Amino acid sequence: MEPHATRLSDWPNHAPAVVRAVHDAPGTEASIANRLAQLGFIAGEPVRVLRRGPGGREPLAVQIGETMFALRWAEAQCVEVAPPADD
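What you see is a predicted model; the values in this text were computed from it and never measured.

1. Some points on the sheet that holds strand 1 (residues 6-7)
Taken in spatial order, the six strands of this open sheet run 1-6-2-3-4-5, and their pairing is antiparallel. Both outer strands of the open sheet, strand 1 and strand 5 (67-71), are each paired with one neighbouring strand and no more. Both strand 1 and strand 6 (residues 79-82) contribute to a ladder of two bridges, which runs antiparallel. Pairing of Thr6 across the sheet is with Val81, part of strand 6.

2. Here's the deal with the pairing of strand 3 (residues 46-52)
Across two bridges, the pairing between strand 2 (residues 17-22) and strand 3 is antiparallel. Within the sheet, the bridge partner assigned to Val18 lies in strand 3 and is Pro46. In this structure, strand 3 lies alongside strand 4 (residues 60-64), joined through five bridges in antiparallel fashion. Residue pairing in the sheet places Arg51 in a bridge with Ala61 of strand 4.

What counts and what doesn't
Residues numbered from 1 in each chain as written. Predicted model: local features only at pLDDT ≥ 70, side-chain atom pairs only at ≥ 80, totals over all residues. Heavy atoms only, no water. Pairing = 2+ DSSP bridges. Helix = DSSP H or I, 4+ residues; strand = E, 2+ residues; numbered from the N terminus.

Written out as C-alpha cells, the structure is:
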C-alpha cells in the first residue's frame, strides 16, 4: 500500500478519497477485484463512504461517481484509497 493510503473499510464517512488500487482478498475463490472494477472501482476514481450499517460496520453505502453501492466489509477491505491530490 502506498503512503497515506488505507482501505476503504477504514476510511471516515463523508471524507473525499480517490481509489488507488483494488486487490483480491486472500483466500477467496471469486475475483472480488474484477467485480469491483466492473462496478467502477478503478484507480483514479473519486469515492466516498456515505454511511455504515449497524455498529458502524456493514453494509457500507459508498458513492463512486454518481452511483451508490452497498458493499460488504470484506469488499471494502479490497479497495485501497487515499486523499485526493491537491490540484
